[in-house]
Every structure is written in C-alpha cells, then in structure tokens.
Amino acid sequence: MGTFEISTTAYSAEFIIKNQKAPQEISESSTVYIDGKPVAHFTLNDTTKEISKTITIPDITQSVSYDLCGRITIRNAAGQPETHEINSKGILYSPQSKTFLAIVTADFKYYYLANPEDPNGHKVLEGHSNICLSPSV
C-alpha cells in the first residue's frame, strides 16, 4: 500500500507596492512591514529610480497594518545633502489586487502607502511606528 501526501495551500492575497525616486532625492533606503513582518526593502538612487514589489499576505482579514521605516536623502535648497528618517504607520483596506504608491509629504512628516484609484483604501495613523529603530549616531 502506497503513501501519499496531501498539500494544503492557505488562501493568500497579493498587492503591489511601487516606490519612485523624487527629483530632489539623492537616495532612499526603506523597508515595509505588514502586520509587523518585513515584506519589502527598497533602495533608490540615480541607478534605480523606481521599484515595484509584489506582496503576498494571508487573506484572512479585510485590512492589514503597515509600517514604513528607513531614510531619504535629498538635496536641499542650498544644494546640500539632507537626510530624513522615515517612520510611519497606517492601515490598508482590502488591498487584494491593488497597487499602492509610497508617498512622502513635502515636510517629511508622513511617509505612507496610497492607491490613487481608491482614496479610502488606506489610513495614515498618527505618531511613529514602534517597529522602526532610530538610527545610531
């Protein structure tokens, strides 16, 4: 009598995160966490100006929490490099099959994920993420 193996695959959801280097940016290094787990790392510079990553998560809820951590270096108005820490958190609603853009506000207060086709598909939460570690000096 032979044996056989039963394979079970959990249901999953996929969505895309797209990150682009802004014209004033020199470089960016950021990590996206979904429900507390790292799922994507982005390194942008003059060689790599845009990256899209497909994220797969268990499809067990209609929303997921996210955290964004890292650093963006820009050229300021005086032409000098200026580095800003990225440390934000939010919620994505029904992310399945959507594309979310990584967006930073001009004052670097918020760095968040948004879907231009679904303005209610995300929520930016106040305060900093506990997952992001402060850079050592």
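Scope of this entry: the structure provided in the associated data block. (Residues numbered from 1 in each chain as written. Predicted model: local features only at pLDDT ≥ 70, side-chain atom pairs only at ≥ 80, totals over all residues. Heavy atoms only, no water.)

1. A few points about the pairing of strand 1 (residues 12-20)
Burial of strand 1 is one-sided: the residues Ala13, Phe15, Ile17 and Asn19 facing one way are buried, the residues Ser12, Glu14, Ile16, Lys18 and Gln20 facing the other way are not. The pairing of strand 1 with strand 4 (residues 50-58) spans nine bridges and is classified as antiparallel. Bridging across to strand 4, Gln20 finds its partner in Glu50. (Buried < 20%, exposed > 50% of the residue type's maximum accessible area, 1.4 Å probe, protein only. Helix = DSSP H or I, 4+ residues; strand = E, 2+ residues; numbered from the N terminus. Pairing = 2+ DSSP bridges.)

2. Quick notes on unusual backbone geometry
With a phi angle near 50 degrees, Asp35 is a residue other than glycine that sits in the positive phi range. Along the chain, the position of Asp35 falls in the loop between strand 2 (25-34) and strand 3 (37-44). At Ser94, a residue that is not glycine, the phi angle is positive and equals roughly 45 degrees. Note that Ser94 resides in the loop between strand 6 (81-93) and strand 7 (99-104). We classify Ser94 as partly exposed; its relative accessible area is 32%.

3. Examining the sheet that holds strand 9 (residues 122-125)
Spatially, 3-2-5-6-9 is the arrangement adopted by the five strands of the open sheet, whose pairing is antiparallel. In the strand order of this sheet, the two ends are held by strand 3 and strand 9, each with one partner. Going from strand to strand, the sheet's axes swing by 25 degrees on average, the running direction of each strand aside. (Axes fitted to C-alpha atoms, helices over the stretch in contact; angles between N-to-C directions.)

4. Focus on the nonpolar core
Nonpolar side chains in soluble globular proteins tend to be buried together. Judged by nonpolar contacts, the single largest core of 26 residues is most densely connected at Phe15, Val32, Ile34 and Leu113. When residues of this core are traced back to their parent elements, those giving at least two are strand 1, strand 2, strand 3, strand 4, strand 5 (63-75), strand 6, strand 7 and strand 8 (111-114). The element best represented in this core is strand 5, accounting for five residues. Those residues within four positions of Ile34 in sequence are excluded, and the remaining contacts are Phe15, Val39, Ile55, Ile57, Val64, Ser65 and Tyr66. (Core = buried A, V, L, I, M, F, W, Y, C linked by side-chain atoms within 4.5 Å. Contact = heavy atoms within 4.5 Å.)

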